[in-house]
Amino acid sequence: MREVRAVRRVLALSIVLLVVLSMADLVVYTYDSMVSGLGKVVSEVFEEIYGVKVKMVSFGDAGKTLARLILEGEKTKADVILGLDQTLLLKAKKAGILEPYRPLNYGKIRKDLLPKDFCATPFDYGSIAIVYNTEAVENPPKSLKDLLDPRFRRRIVVEDPRTSSTGLSFLLWTIAAFGDGYRDYWRKLSRNLLTVTAGWDEAFEMLEKGEADMMVSYLTDGAYSYYYYKSAKFLPTVMEEGMFVQVEYVGVVKYSKQKELAKRFVEVMLSDTVQKAIPLNQWMFPVVDVELPEVFEKYVPKVDKILILDPQEVSRKLDEWIKGWEEAMGM
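What counts, and at which threshold
Residues numbered from 1 in each chain as written. Predicted model: local features only at pLDDT ≥ 70, side-chain atom pairs only at ≥ 80, totals over all residues. Heavy atoms only, no water. Buried < 20%, exposed > 50% of the residue type's maximum accessible area, 1.4 Å probe, protein only. Helix = DSSP H or I, 4+ residues; strand = E, 2+ residues; numbered from the N terminus. Contact = heavy atoms within 4.5 Å. Axes fitted to C-alpha atoms, helices over the stretch in contact; angles between N-to-C directions. Left-handed = near helix turned anticlockwise from the far one by under 90°. Nonpolar A, V, L, I, M, F, W, Y, C, P; charged D, E, K, R; others polar. Core = buried A, V, L, I, M, F, W, Y, C linked by side-chain atoms within 4.5 Å. Pairing = 2+ DSSP bridges.

Draft legend 1. Broad picture of helix α4 (residues 62-72). Among the residues of α4, Ala 62, Gly 63, Thr 65, Leu 66, Leu 69 and Glu 72 are the ones counted as buried. Contacts made by the buried residues of α4 are with β1 (26-30), β3 (80-85), α5 (86-95), α6 (165-178) and β10 (243-253). Gly 73 lies just past α4 and shows a positive phi near 55°.

Following this line, the structure appears as structure tokens:
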């Protein structure tokens, strides 16, 4: 064990020396809210350990960021991509832009979240949910079908599944719940939509400003609301059909010229320091067994039923499903 630790220390020191001499930053492609939240935490930890500056670069939501990376291909400056969910990960695999890497500390990850091929590594997870303003909605929906009620006409905001990982997860949620009937569901739901935003940030801003009463967000939003507002203003509702879980991943970019440093970044994402920072920054659950903040214990509802789609089916049918969504929405 001592020999292993010694080798790791030597490897780390060698990497630091190499990078200091080259004065290269580690470039991480990610989404907007990551840059100002957890991104700061992991950057500080990484820079303190390796003496290397981390440059977080965002192009909007995770979907847009991945699209940019695929477009850049071999010319990209990205070393790491951070924040792909399981569906976007399938797109990244198909595009061949990831360098498989199994972290040295992969044993810390929840067993039910362990990937088979380690094309990317999970770092957090959480359930998608419909979140409502308690000051505007008296009787919140208890099922996805309830969202079709005329009383919610033009009161709901959803994210675009073509550009938003949250929006894509919601589309998959409706497919897991209704199968081929998802098109008919979206045709009816469209009547109650105020708008479709490009990403989560825009949707949440509308909810905060009172422009919308409900949005697609996460099951932890009740904890978020109490933590920041000291009230249960924004609460999630657990749907009778079941809930859909989103997992986020970090991956080494195939074209990176600093792959060893990129791999060390993956290791840092699984460190206790970063994992403990996930709940109050990402408002998701850590993949490592660390103590959760009290607000999570009190304000995150329990889920009895989880809906799952076969990843291979998603890979085969995703383009077809997106096209079906566009037709149902009249786009």
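After presenting the structure, the write-up continues.
Draft legend 2. Molecular detail of the environment of Leu 307. Positionally, Leu 307 belongs in strand β12 (residues 306-307). Residue class for Leu 307 comes out buried when judged on its relative accessible area of 12%. Taking the C-alpha atoms as reference, Leu 307 lies 5.3 Å from Phe 244; in sequence the two are 63 residues apart.

Draft legend 3. Quick look at the packing of helix α7 (residues 182-189) against helix α13 (residues 311-328). Taken N-terminus to C-terminus, the directions of α7 and α13 make an angle of 35°; their axes are 8 Å apart at the nearest point. Of the two elements, α7 crosses α13, and the hand of that crossing is right-handed. For the pair α7 and α13, contact is made by Tyr 182, Arg 183, Trp 186 and Arg 187 and by Glu 320, Trp 321, Gly 324, Trp 325 and Ala 328, respectively. Residues of the contact of α7 with α13, tallied by class, amount to five nonpolar, one polar and three charged.

Draft legend 4. Representation of the nonpolar core in the model. Core analysis: the largest hydrophobic core is formed by 109 residues, its most contacted members being Leu 147, Phe 170, Trp 186 and Phe 265. Dropping the residues within four chain positions of it, Phe 265 is found in contact with Leu 26, Val 28, Val 42, Phe 46, Val 54, Met 56, Val 80, Leu 82 and Val 250.

Draft legend 5. Local environment of the pairing of β10. Across the 11 residues of β10, 10 count as buried, placing the element largely inside the fold. Relative to β10, β3 is paired through five bridges, and the arrangement is antiparallel. Counterpart to Val 80 in the pairing with β10 is Val 252. When strand β4 (residues 98-99) meets β10, the two strands line up antiparallel, connected through two bridges. Directly across from Glu 99, in β10, lies its bridge partner Val 252. Bridge count for strand β5 (residues 121-133) against β10 is six bridges, and the pairing is antiparallel. Bridge pairing links Asp 124 to Glu 248 in β10. Direction of pairing for β10 relative to β12: parallel, over a ladder of two bridges. Following the sheet pairing, Met 243 is matched in β12 by Ile 306.

Taken by themselves, the reported measurements are silent on function.
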